[in-house]
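# Structure at a glance
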Amino acid sequence: MMGLLLLLLLSSYLHQGCQVTAQRLFTIRAVSLTVEPDSDSSRGTNVTLRCQAVVSSSGPEPLVREFSVFRDGSRVYTKTSSSSEDFLYLLPDARVSNSGKYKCEVSIEGKSMSSESRRLTVRGLSKPALHLNKDVVTEGEEVTATCRAPGETGSIFFYFYDNGNEIHEERVNGNQAEATLRFSSAGIHKIRCDYTVLITPDSYKSEESNTAIVSVKELSITPVLEVSPQYQVFEGDTLNIMCTLRNLLRSLDSPQLYLSQGTHLLSSGTTKVNHSMVALAKGPGLTFECRLDMGHVIKVATRTVLVTELFSVPTLTLAPAEVFQKEPMTLTCRSENVASERLDRKELTYTLHPLENPLISTDTGVFTGKALLFDFNYTCTAEARDIVKQSETLTVRPKVSVSTPKISIYGKAVLGQPIQILCQSDIGSLPINYTLLKGFDEVSTISVQLPGQRAIFRVTAHMPEELSKYMCEAKNSHREAPLSRRLNATVIVPLANPTLTVLPHLPDISEGDHLYLICAVKGSPPVTFKWYRVGDKLPLNTTTTDKNHKDFQIPALSKQDSGIYYCEAVNHANTIVQSDRVTIEVRMALWKKAVIGGVSLLVVSLLLLMACVLYFRSKRVRVPRAAVSVWSERKPEDVNDEESSTVNHEPDVEYTEVVHPHSVDPTRAAPLRKGTDTVYSELQKSSHGDCCSPTDAADHHDYGSVQYAELNKEQSEINQYNPEINSAPDLPVRLD
């Protein structure tokens, strides 16, 4: 038994595996929808919707396909087919109702795909046909009218017309509609119909149908309305109104009569209605209506009665027209028109309402008293012969007397610029007239009509004391206008004449000093001062003060503080003024000058001292005038290499002043000057430190000695060559 069960399970499993293996593979590649012959067709065209599905499959067996057609989102047709051919949805003899947006959907074994939507528009409707079951009827008799739309389908609205006026409307899902018509008036009636096909969201209207004629005969029964009296009716007269029927036929349904005045139903009955009332003058007259209602037949008789009023509706007036709180006032209630042929004016009585009012009646229709502190509504009534008429409501609004106005500056007052002056009272009923006075001369007047408005006057003052001359007055009644105080306001004087003062004085400014830049102006404080140096974008300093001047200090000046300076000032007049520019040059400090002077003096002193020393040394050797001063430089002795490395290359020179008497040569053309010439003999010391004798100096004068001729302060003679003076005999004699 167990083996048989296992065999069955194995067989079932193998069978399922075979089915899975044999399952075919497919895919829906595309679905398209086309409208043939055209998507815009006329009525009666045979339209075909072609749905084409492109499917790929793995086997030769055909697939079962389900085609669905949708119009405006609703499924209108479904068909199953195993053919791979295109599916055709036919619309023979297309109508407007076939118009819409179509879509095709293909489903295969759970898989589906839809085409894109295609719109079909069918144009043209058939002409409607109208038929009546009767063409001659009496008032109230029914007529059945049938209107057909041949060949049309869908949701259709049918409309019926009587002499061009729509009398019936009906919606059906077919192509015809019936209407029951009743005619309440006799005569010829022309009946027509048309229809509209509704295709959401559009609608299509047909042309008009044929015209059917209905002749309606009038019923002989009519309502009759009688009013007594009919002429010369005055208020208070009694009116008798009667509504009856004429030519009543027993075959007709039981009639119903209604008697009314305007919209007010007075009475009703079947064959006769009576009503009595007191005539009142309302509007142009009293209009009564007798209405016969008999099934679908309605007939009406009307009559208008002119009623003359005994007295007119009273009017309530106030005197004076403008009343102020707690002031006397008078209310008068009066009817202007009275029918003197029927009524004496003395018969009229007047009453003021509400009865608890504070006024007292002083005469017929005259009420006096004092105005309240608040608004109050009054009415009055006039009465005569049981006729009471009420006036319209009169609201008395007691005015509040204007208080003494206050005068002030609106905004700010700048001298020489437009100034706004505000004149305002704390209390007072509008309108209020404000008048600006200068002294006691009227300048201008402003009327404040609405809440929130202000009386702002514009003036210009050129002197500060001018503003104190202004006053204003306020007036809202016949009373004397209260006057304000004189204007007390601060006037802003624009800044002028800016100056920049520098301390210390410009020539005395030197390094290390404290510099004070004082900026001063004329005008009203507070003043904001700014100091600038040309070349700097930002101010050096900014400060606000209640004075007309302010200083800015730069401590411990240096050369870098040199430059061009200026200042700016502004006050509440918002006019910026700028001073002239001042060039400041910071000079060297005094101690530096003293040091430089001392050093210079010391250098000069040293130079002078050296000059003196040189000068006095030069006087040690004297020679006759015109003698030649020879400096003999001894040729250095031969020294060995070792010594030469340590010997100074500049020889030690010793100057000996030798004085020789000057011989006078009588042959010389020019006389010699008195005095002596100086001969400088250059004595060179030996390497051993011994000085050569003058003799040695003379012996060696031929070895490259240098000769200097100095004629005592006569440079021109020295430069001039003279063979006599420069001859050998004039040379100094060697001393033994």
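Since the structure is predicted, the reported quantities are computational estimates derived from the model, not experimental observations.

### Re the overall build of the chain
- Regarding its fold elements, the chain presents 5 helices and 55 strands.
- The buried share of the chain, reckoned over its 736 residues, is 35%.
- Accessible surface for the chain amounts to roughly 44,300 Å². Of this, 52% is attributable to carbon and sulfur atoms.

### Quick look at the sheet that holds strand 15 (residues 176-182)
- Taken together, the 3 strands give an open sheet; going across it, the order is 10-12-15, and neighbouring strands pair in antiparallel fashion. Each of the sheet's edge strands pairs with one partner strand only, and the pair in question is strand 10 (129-132) and strand 15. Strand-to-strand, the axes of this sheet are offset by a mean angle of 20°, without reference to chain direction.
- Of the pairings in the sheet, the one linking strand 12 (residues 142-148) to strand 15 comprises 7 bridges and is antiparallel in character. Following the sheet pairing, glutamate 142 is matched in strand 15 by arginine 182.

### A short note on unusual backbone geometry
- The omega angle of the peptide bond from serine 228 to proline 229 is -10°, so this bond is cis rather than trans.
- Residue position: proline 229 is located in the loop between strand 19 (222-228) and strand 20 (233-234).
- Cis geometry marks the peptide bond from alanine 319 to proline 320; its omega dihedral reads -5°.
- With respect to the element layout, proline 320 can be found in the loop between strand 28 (315-319) and strand 29 (328-334).
- Notably, glutamate 109 is not glycine yet its phi reads approximately 45°, a positive angle.
- Tracing the sequence through the fold places glutamate 109 in the loop between strand 7 (100-108) and strand 8 (111-114).
- The class for glutamate 109 is exposed, based on a relative accessible area of 61%.
- Phi is positive for aspartate 386, close to 65°, though the residue is something other than glycine.

### Observations concerning the packing of aromatic side chains
- Enumeration over the complete set of coordinates arrives at 9 aromatic pairs.
- Ring geometry for tryptophan 531 versus phenylalanine 552: centroids 5.7 Å apart, planes at 35°, classification tilted. With tryptophan 531 in strand 46 (residues 527-533) and phenylalanine 552 in strand 48 (residues 549-554), this pair connects stretches of sequence that are 21 residues apart.
- Through a chain of ring-to-ring contacts, the aromatic side chains of Phe67, Tyr77, Phe87 and Tyr89 assemble into a single cluster.

### Re the side chain of aspartate 162
- Structurally, the position occupied by aspartate 162 is in strand 13 (residues 155-162).
- At 9.0 Å, arginine 192 is the nearest oppositely charged side chain to aspartate 162, a buried residue that forms no salt bridge.
- Aspartate 162 has contacts with Ile167, Phe183, His189, Lys190 and Ile191, leaving out every residue within four places of it along the chain.

How each quantity is defined
- Residues numbered from 1 in each chain as written.
- Predicted model: local features only at pLDDT ≥ 70, side-chain atom pairs only at ≥ 80, totals over all residues.
- Heavy atoms only, no water.
- Helix = DSSP H or I, 4+ residues; strand = E, 2+ residues; numbered from the N terminus.
- Buried < 20%, exposed > 50% of the residue type's maximum accessible area, 1.4 Å probe, protein only.
- Areas by Shrake-Rupley, 256 points an atom, 1.4 Å probe, with all protein chains shown as cover.
- Pairing = 2+ DSSP bridges.
- Axes fitted to C-alpha atoms, helices over the stretch in contact; angles between N-to-C directions.
- Phe/Tyr/Trp six-rings, centres within 6.5 Å; stacked < 30°, edge-to-face > 60°.
- Lys, Arg positive; Asp, Glu negative; His and termini not counted.
- Salt bridge = Lys/Arg side-chain N within 4 Å of Asp/Glu carboxyl O.
- Contact = heavy atoms within 4.5 Å.

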